[in-house]
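Below, each chain spelled out in residue letters.
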Amino acid sequence: MTNFLPFTRPTIDETMIQEVTEVLRSGWITSGPQVQSLEAELAAYIGGERHVRTLTSATGALEVALRVAGIGPGDEVLVPAMTFSASANVVHRVGASVRFVDVGLRSRNTTAEAFGQAISPKTKALMPVHFAGLAVDMDPVNQLAQKHGLRVIEDAAHAIGTSYQGRRIGSFGDLVCFSFHPNKNMTTIEGGAIVYANPADTPRIEQERWHGITKDAHGQVDVVAPGGKYNLADVAASLGRGQLRRLDEFNTQRRELIDQYFHRLESRVPADWLPERGDVGHSWHIFAPLLPFDQLGYTRLEFISRMKNKNIGVGIHYPCVPSLSFYKNLGHDAALYPNAARIGEQTVTLPLFPLMSRSDVDRVCDELLELTQC
Ligand SMILES: *Cc1c(COP(=O)(O)O)cnc(C)c1O
């Protein structure tokens, strides 16, 4: 019997383990020199002379970004109906409210046009999500924001290493948040980063990240805001440095596995089952086709359990956010976002991670084609 193939798995090599061990033995394990180095290396990798601060998650980074942008009670943020719920939750955590916008069926991404139609007098910010690592068409989004005086908080949790028209996501724009959760394209176990243009935002971000503490030139400590506690540990940052060194290699492997998925599936399944192919800038965080379970005669949970019986892990990314209880109870209706609603019902995340082989992809495709009789 073949080994279980999970839908994702981080790549942690012996060098990374060695480096983490050295930090553990060093006598300093929380935020310190490793965090500073990781931030400098992320800034260099992303390019565009941007500022980077790491945090304990992308969720924390998005929340801090909203606070830095001055979003609060009475304000509204436009969020795609197809994303991880954290994108919308953070808006409520700062006391603002969410207005959802639909996404493209195959791109899973929002457009400036969709944002434009949803802008209301209360709208203060747009939150594009680079779904699965495919860049949102950002130039029109940033132009729209400029025209209406809105902030843009990019949820780039899927998009470390993604490029848009040859520019890395994070190297331009307003406030951009990355995730280093173990499922993402690089990991610090838990972790995230906020990338921004204006150095004047640094004190506020650092206060939000660490107790609102400031220190003057003489070393006098003060607390100037009710800050949070979102600082990354050096142990985690040290893993992140090893991951970042190999990120481009990981993303190349992801793209090669995707080539094989498309090679095997493109001529066999209906076009709208497959996500948009994108270009070389796509970092392929997940491979998540849509399956029409109403026509297939079994449920998604049955599909997942049949694949599990074949030793293949399948995930769901994601339910349509307005269909989730918290949002439904606020009066949101998933039916108003037909593409996001359909993706939420039909999406299945198939195995994709750098340690997989082409023959693993073949095995997944064989089972998928058999179960769907394509
Ligand atoms: C993973 C994810 C997040 C949250 O990232 P964490 O680092 O786990 O907080 C936010 N948005 C999207 C789209 C994600 O996939």
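Everything here concerns the structure above.
Residues numbered from 1 in each chain as written. Predicted model: local features only at pLDDT ≥ 70, side-chain atom pairs only at ≥ 80, totals over all residues. Heavy atoms only, no water.

K.L.:
Lay out the overall build of the protein with the relevant residues and their values.
P.N.:
Helix and strand content of the protein: 13 helices and 11 strands. Here the protein has a C-alpha radius of gyration of 21 Å; the compact-globule value for 374 residues is 21 Å, and the two agree. For the protein, the C-alpha atoms occupy an extent of roughly 70 × 55 × 35 Å along the three principal directions. For the protein, the proportion of contacts with a sequence separation of at least 24, taken over those separated by at least 6, is 70%. When the accessible surface of the protein is summed, it comes to about 16,000 Å², and 51% of that surface belongs to carbon and sulfur atoms. The centroid of the 36 positive side-chain charges in the protein is displaced by 2 Å from the centroid of its 41 negative side-chain charges. (Helix = DSSP H or I, 4+ residues; strand = E, 2+ residues; numbered from the N terminus. Rg over C-alpha atoms; globule rule 2.2 N^0.38 Å. Contact = heavy atoms within 4.5 Å. Areas by Shrake-Rupley, 256 points an atom, 1.4 Å probe, with all protein chains shown as cover. Lys, Arg positive; Asp, Glu negative; His and termini not counted. Charge placed at Lys NZ, Arg CZ, Asp CG, Glu CD.)

K.L.:
Before we move on, can you summarise the packing of helix 3 (residues 58–68) against helix 7 (residues 202–209) with the specific residues and values?
P.N.:
Two quantities define a packed helix pair, namely the angle between the axes and the distance from one axis to the other. Relative orientation of the contacting elements helix 3 and helix 7 amounts to 130°, with a least axis distance of 10 Å. Here helix 3 is positioned oblique relative to helix 7, judged by the angle of their axes. Here helix 3 and helix 7 pass one another in a crossing that is right-handed. Here helix 3 contributes V64, R67 and V68 to the contact with helix 7, which in turn contributes R204, I205 and E208. A per-class count over the contact of helix 3 with helix 7 returns three nonpolar, no polar and three charged. (Axes fitted to C-alpha atoms, helices over the stretch in contact; angles between N-to-C directions. Parallel < 35°, antiparallel > 145°, perpendicular 65-115°, else oblique. Left-handed = near helix turned anticlockwise from the far one by under 90°. Nonpolar A, V, L, I, M, F, W, Y, C, P; charged D, E, K, R; others polar.)

K.L.:
Kindly report on the site of the ligand, identifying the contributing residues and their values.
P.N.:
Residues in close proximity to the ligand total 15 residues, the closest being T59, D155, H158, S179 and K184. Here S179 contributes a side-chain N or O atom positioned 2.7 Å from an oxygen atom of the ligand. Within the side chain of K184, an N or O atom sits 3.2 Å from an oxygen atom of the ligand. By residue class, the composition of the shell around the ligand is five nonpolar, eight polar and two charged. (Near = heavy atom within 4 Å. Polar contact = N/O pair within 3.5 Å; in protein donor to acceptor, adjacent residues only side chain to side chain.)

K.L.:
Give me the layout of surface pockets: which residues, what numbers.
P.N.:
Counted as a void, the largest pocket has a volume near 520 Å³. Elements with a contribution of two residues or more to the lining of the largest pocket: helix 2 (33–46), helix 7 and strand 10 (213–215). The element that contributes the greatest number of residues to the lining of the largest pocket is helix 7, accounting for four residues. Split into classes, the residues belonging to the lining of the largest pocket amount to six nonpolar, seven polar and five charged. The calculated volume of the second largest pocket comes to roughly 360 Å³. As for the second largest pocket, its lining consists of 25 residues, and the residues nearest its centre are F84, S179, H181, K184 and Y318. For the lining of the second largest pocket, the elements supplying multiple residues, two or more each, are helix 3 and helix 4 (86–93). Sorting elements by how many residues they give to the lining of the second largest pocket places helix 3 first, with three residues. By residue class, the composition of the lining of the second largest pocket is 10 nonpolar, 12 polar and three charged. (1 Å grid on protein atoms, 1.4 Å probe; cavity = no way out; pocket = protein on both sides within 12 Å on 5 of 7 lines; lining within 4 Å. Points joined across faces, edges and corners; volume = space filled by probe spheres on them.)

K.L.:
So what's going on with empty space enclosed by the protein? Which residues, and what values?
P.N.:
Per the counting criterion, the structure on display carries two cavities of 30 Å³ or more. In this model, the largest cavity occupies a volume close to 80 Å³. What lines the largest cavity is a set of 13 residues, among which R108, F131, A132, P275 and W284 lie closest to the centre. Of the residues that constitute the lining of the largest cavity, the class distribution is eight nonpolar, two polar and three charged. Each of domain 1 (14–245) and domain 2 (247–372) gives at least three residues to the lining of the largest cavity. Along the walls of the second largest cavity sit 13 residues, with P10, T11, K184, N185 and R254 positioned nearest its centre. Here the residues of the lining of the second largest cavity sort into four nonpolar, six polar and three charged. Three or more residues apiece are contributed to the lining of the second largest cavity by two domains, here domain 1 (14–245) and domain 2 (247–372). (Domains from an automatic or database assignment.)

K.L.:
Quick one: what's the story with the pairing of strand 4 (residues 123–126), residue by residue and with numbers?
P.N.:
In this structure, strand 2 (residues 76–80) lies alongside strand 4, joined through three bridges in parallel fashion. Within strand 4, the position partnered with E76 by the bridge is T123. A crossover connection joins strand 4 to the parallel strand 5 (residues 151–155) through helix 6 (residues 138–148); in handedness this β-α-β unit is right-handed. (Pairing = 2+ DSSP bridges. Right-handed = clockwise from strand over helix to strand, strands pointing away.)

K.L.:
Tell me about the sheet that holds strand 1 (residues 51–55), residues and numbers included.
P.N.:
Ordered in space as 1-9-8-5-4-2-3, the seven strands form an open sheet in which the pairing is mixed. The sheet terminates laterally at strand 1 and strand 3 (97–101), the two strands that pair on one side only. Neighbour to neighbour, the strand axes of the sheet diverge by 25° on average, direction disregarded. For strand 5 and strand 8 (residues 175–179), the ladder comprises three bridges, and the chain directions are parallel. Bridge pairing in strand 8 places D155 opposite C177.

K.L.:
Describe in detail the packing of helix 8 (residues 234–265) against helix 13 (residues 358–371), supporting the description with residues and values.
P.N.:
Remark: helix 8 packs on helix 13, axes separated minimally by 9 Å, with the N-to-C direction vectors making an angle of 30°. Where helix 8 crosses over helix 13, the handedness of that crossing is right-handed. On helix 13, the residues touching E256, L257, D259, Q260, Y261, R264 and L265 of helix 8 are R358, V361, D362, V364, C365, D366, L368 and L369. Across the contact of helix 8 with helix 13, the residue classes tally to eight nonpolar, one polar and six charged.

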